[in-house]
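Commentary on secondary and tertiary structure
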Amino acid sequence: MSSLCSWRVVTTLLVLFLCRPGAAAADVVRILDSNWEAAQARIDLIEQAQGEIVLSYYLIANDKLAAMYLSLLRDAAQRGVAVRLVVDAMHNHIPSQVQEELLRVGVRIKEYHTLECKRPGWINRRLHDKLLLIDRAEMIIGSRNLDERHFGLANVKRHLGIPTRTRYIDRDVYVKGRSAEQAGNYFDCLWSSPEVRDTRLKDPLLQSLIQDDKLEFDRLGNCARAPDGQCRCCQGAAWLAAATPIAVDCQPLLRDTWIDWSVGEVDVGCVDFLFDPMGRKHHPEGISPRIHELIERAQHSVFLESPYFTLSTTLKQVIRDARARGVAIRIMTNSLASTDQILVYAGYSNQKRFLLNEGVELWEYTGPARFHAKSALIDGSVAMVGSYNFDPRSEHLNTELAVVVYDPEFVGLLTASIAENMGHAHYIRPDGRAGPQRIHHPGAARAKILALQPMRIFAPIIRRSL
């Protein structure tokens, strides 16, 4: 890691110390619960970028919605905006032809933890970020990947009699202010770290021609010369040219709106940007220690919202200590009916008895979609939103991002948003049964119920990877 990157980390940590309730700087924060708002805000921010766009994403799909955003990034690069993208290598589904076209126009792309024989441990440590940052001044951060399923565009289907809930319930936040600059410092360190590699294209000859700027194009952007008469980047250009705004929640997404998403929103004074410095887990100023510290400082109440909730050893002790202080703790996660990770639910199921015996209030989301938001509320005065699941994988393995807001008005808005999701959840009684029917796993397909028990036996073996 370069000395410059280390200095940026020191600077960021200093800013985090100064960025606390009562600090002079002011950030503006807006909750993006609506799929349409989350999609439209991303369009507007990319179109309004003047100097720089950076993105760090766990998943970029090969679908119409991702194509729309990639076409916007291409347009931004063509008008002179510096565009950099980091995507997890195992979840980069951008067609190689499209990546070639993006590289040609100046979009820089890197992958996190590409599969390498000399680094076998990388396969289990993934980039779980969901960050769009514009001009180091505005950002969108939360739980949505660039995938139609996270914007309400996939239908509930059945496969072998099992409901396949491919739509997700997510939450993002729009932030404008100093915390966006902290996010930029984080991205710079990620970009220059040995954890990422330039994207690997399937056509080495074309890749070298693009890098050496030896391809010739006519005034319409079509290839005038390419190896063997084939032009894969022209295919990518056509794919991007066909990408047009679509409708989300029956509302059309629009170009050139010039909406200012900060107008009329909550001025919260200051926002903490949480991350793991230089990608290192267990750093004293890393995201997990900071989140655990928030819970340890709670005096009255804690609410944790996570689609994949599994107690690590540390979180288990933190919750036990909080309950000993008399702190009321409420947790909401997916039910067996709604989860898309039965093994993770099995790990949580093994811990239900501990949680209920400690007096923790449990709620399980029932559908009709999959629950995917990740948030926390502390004492009615502190709120957290991000990509962080309360599980060992987020604590020990994956990169994660979140923002912490110290503002009662924003906490009230987030509380109302969470209450809407809880309207689709069952309360788990002290005997472990759910809802008014007082049964185990209401609404779950029989195949899932049958698979749960053997997975409960296997889950402790891979507990740190859940």
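Predicted, not measured: the structure shown is a model, and the values here were computed from it. In every chain, residue numbers begin from 1 and rise along the written sequence. Confidence filtering applies because this is a predicted model: local features only for residues at pLDDT of at least 70, side-chain atom pairs given and counted only at 80 or more, and all residues used for totals across whole chains, interfaces and linings. For side-chain calculations, the full set of non-hydrogen atoms in the structure is used, while hydrogens and water are omitted.

1. Some points on the pattern of salt bridges
The salt bridge definition used is simple: a Lys or Arg side-chain nitrogen within 4 Å of an Asp or Glu carboxyl oxygen. Taken as a whole and judged by the stated rule, the model has 28 salt bridges. Ionic pairing is found between Asp33 and Arg171, a salt bridge with its closest N-O pair at 3.2 Å. Of the two residues, Asp33 is situated in the loop between β1 (28-32) and α2 (35-48) and Arg171 in the loop between β9 (168-169) and β10 (172-176); the sequence distance between them amounts to 138 residues. Exposure classes here rest on a 1.4 Å probe applied to the protein chains alone. A residue is buried below 20% of its type maximum, exposed above 50%, and partly exposed in between. Residue Asp33 is classed as partly exposed on the basis of its relative accessible area of 28%. You can call Arg171 buried: its relative accessible area is 1%. Here a strand is any run of E in DSSP of at least two residues, a helix any run of H or I of at least four, and the numbering for each starts at the N terminus.

2. Thoughts on the pairing of strand β3 (residues 82-88)
Across the 7 residues of β3, 6 count as buried, placing the element largely inside the fold. By this definition, two strands are paired if DSSP reports at least two bridges between them. Strand direction decides the pairing type here: strand β2 (residues 52-57) and β3, joined by 6 bridges, are parallel. If you follow Ser56 over to β3, its bridge partner there is Val86. Crossover handedness is defined by viewing with both strands directed away from the observer: a clockwise path from the first strand over the helix to the second marks the crossover as right-handed. Handedness of the β-α-β unit built from β2, helix α3 (residues 64-78) and β3 comes out right-handed. Taken together, the 5 bridges between β3 and strand β4 (residues 108-112) define a ladder with parallel strand orientation. Looking across to β4, one finds that Arg84 is bridged to Arg108. Each parallel crossover has a hand, and for β3 linked through helix α4 (residues 96-105) to β4 it is right-handed.

3. A closer look at the sheet that holds strand β20 (residues 361-365)
As summarised here, the arrangement of the 8 strands in space is β17-β24-β23-β22-β18-β19-β20-β25, forming an open sheet in which the pairing is mixed. Only two strands of the sheet have a single neighbouring strand rather than two, namely β17 (271-274) and β25 (425-428). Geometrically, the sheet is characterised by an average inter-axis angle of 15 degrees between neighbouring strands, direction not taken into account. Seen against the sheet, helix α8 (residues 287-296) touches β17, β18 (301-305), β22 (375-378), β23 (382-386) and β24 (402-405) and runs at an angle of roughly 135 degrees to β17. Each axis is a line fitted through C-alpha atoms, taken for helices only over the stretch in contact, and angles between the N-to-C directions span 0 to 180 degrees. In this analysis, two residues are considered to be in contact whenever any of their non-hydrogen atoms come within 4.5 Å of each other.

4. Looking at a nonpolar patch on the surface
Each patch is built from residues lacking any salt bridge and having more than 30% relative accessible area; the joining distance is 9 Å for like charges and 5 Å for nonpolar side chains (Val, Leu, Ile, Met, Phe, Trp, Tyr). Computed with the Shrake-Rupley method and a 1.4 Å probe, the accessible areas treat only the protein chains shown as cover for residues. A cluster of nonpolar side chains, contributed by Met90, Leu115 and Ile123, occupies part of the molecular surface with about 290 Å² of accessible area. Note on Ile123: relative accessible area 49%, which makes it partly exposed.

5. Description of the sheet that holds β4
One open sheet holds the 9 strands; their spatial order is β11-β4-β3-β2-β5-β6-β10-β1-β16, and the pairing between them is mixed. Since the sheet does not close on itself, it has two edges, and those belong to β11 (196-198) and β16 (266-267), each with one partner.

Remember, this is a structural readout, not a statement about activity or role.
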